Amino acid sequence: MELSDVEIDHCLDCGGIWLDLGELEMLLDDPAKAKRLLESFTEDQAHSEGLRKCPICLKSMVKVRVGDDSPVLLLDKCIKEHGLWFDSGELEAICSRAKLDEESKIVKILADFFGK
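Definitions and cut-offs
- Residues numbered from 1 in each chain as written.
- Predicted model: local features only at pLDDT ≥ 70, side-chain atom pairs only at ≥ 80, totals over all residues.
- Heavy atoms only, no water.
- Helix = DSSP H or I, 4+ residues; strand = E, 2+ residues; numbered from the N terminus.
- Buried < 20%, exposed > 50% of the residue type's maximum accessible area, 1.4 Å probe, protein only.
- Contact = heavy atoms within 4.5 Å.
- Areas by Shrake-Rupley, 256 points an atom, 1.4 Å probe, with all protein chains shown as cover.
- Pairing = 2+ DSSP bridges.
- pLDDT = per-residue confidence, 0-100.
- Arc of directions from axis to C-beta.
- Polar contact = N/O pair within 3.5 Å; in protein donor to acceptor, adjacent residues only side chain to side chain.
- Patch = residues over 30% accessible without salt bridge, like charges linked within 9 Å, V, L, I, M, F, W, Y side chains within 5 Å.
- Salt bridge = Lys/Arg side-chain N within 4 Å of Asp/Glu carboxyl O.
- Lys, Arg positive; Asp, Glu negative; His and termini not counted.
- Charge placed at Lys NZ, Arg CZ, Asp CG, Glu CD.

Novice: Residues and numbers for the overall build of the protein, please.
Specialist: Per the secondary structure count, the protein includes four helices and eight strands. Starting at the N terminus, the α and β elements of the protein follow one another as β-β-β-β-α-α-β-β-β-β-α-α. With 116 residues in all, the protein has 35% of them scored as buried. Relative to all contacts within the protein whose residues are 6 or more apart in sequence, the contacts with residues 24 or more apart total 48%. When the accessible surface of the protein is totalled, it reaches about 6,800 Å², and 50% of it is carbon and sulfur.

Novice: Can you lay out the sheet that holds strand β7 (residues 74-77) for me, pointing to particular residues and giving the numbers?
Specialist: With antiparallel pairing, the six strands of this open sheet are ordered in space as β3-β4-β8-β7-β6-β5. Of all strands in the sheet, those with a lone pairing partner are β3 (9-10) and β5 (41-43), marking the two edges. Where β5 meets strand β6 (residues 62-66), three bridges bridge the pair, whose relative direction is antiparallel. Among the inter-strand pairings, Glu43 is bridged to a residue of β6, identified as Val64.

Novice: Would you mind going over the confidence of the model for the protein in detail, with residue names and values included?
Specialist: Per-residue pLDDT for the protein has a mean of 80; in total, 81% of the residues score no lower than 70. Within the protein, no element has a lower average pLDDT than helix α4 (residues 105-114), which sits at 60, and none a higher one than strand β8 (residues 83-86), at 93.

Novice: Please provide a residue-by-residue account of helix α2 (residues 31-39), values included.
Specialist: All of the buried residues in α2 are Lys33, Ala34 and Leu37. Looking down the long axis of α2, one finds its buried residues gathered within 100 degrees of arc, a one-sided arrangement. Along α2, exposed side chains directed more than 90 degrees from the buried face belong to Pro31, Lys35, Arg36 and Glu39.

Novice: Tell me about the side chain of Glu23, and please be specific about residues and values.
Specialist: With respect to the helices, strands and loops of the structure, Glu23 is situated in helix α1 (residues 23-28). Taking the relative accessible area as the measure of exposure, Glu23 reaches 11% and is therefore buried. Polar contacts involving the side chain of Glu23 include one to the main-chain amide nitrogen of Asp20, which spans 2.7 Å. Those residues in contact with Glu23 that sit more than four places away from it in its chain are Val6, Glu7, Ile8 and Trp18.

Novice: Explain a negative patch on the surface to me, using residue names and the numbers behind them.
Specialist: Together, Glu2, Asp5, Glu7 and Asp9 make up a region of like negative charge exposed at the surface. For Asp5, the position within the fold is in the loop between β1 (2-3) and β2 (6-7).

Novice: Any details on the pairing of strand β4 (residues 17-20)? Residues and values, ideally.
Specialist: Consecutive side chains of a regular strand alternate in pointing toward one face of the sheet and then the other. In terms of strand pairing, β3 meets β4 through two bridges, oriented antiparallel. In the strand pairing of β4, Asp9 is matched with Trp18. Taken together, β3 and the strand that follows it, β4, pair antiparallel across an intervening segment of six residues, in which Gly15 is found at a positive phi of about 85 degrees. Two elements, β4 and β8, share four bridges in a ladder whose sense is antiparallel. Across the sheet, the residue bridging to Asp20 is Gly83, located in β8.

See below:
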């Protein structure tokens, strides 16, 4: 599907979203905010979630923690930098938590698309 001229991949089974490298920055439309968000990612080796495989290279992805807030938000990140996997609701949660979408543009688009 396309959000704000960014083509994203959406899983109909689980509601997850895959963003290729650079698409998060395009979606946020603010390179400085996107850079701050990406720099806040730290690998979390103590997680209990199963590992996903990157849809491009098929390598196991790493779990990255987004910021230090509670509850913990974990994303799947390709170790070869192909992109990010957001489980259902995680993209909206990150935009809200990090105040990346102050006009709620992304949240509104996702809500319209998914009928929420």
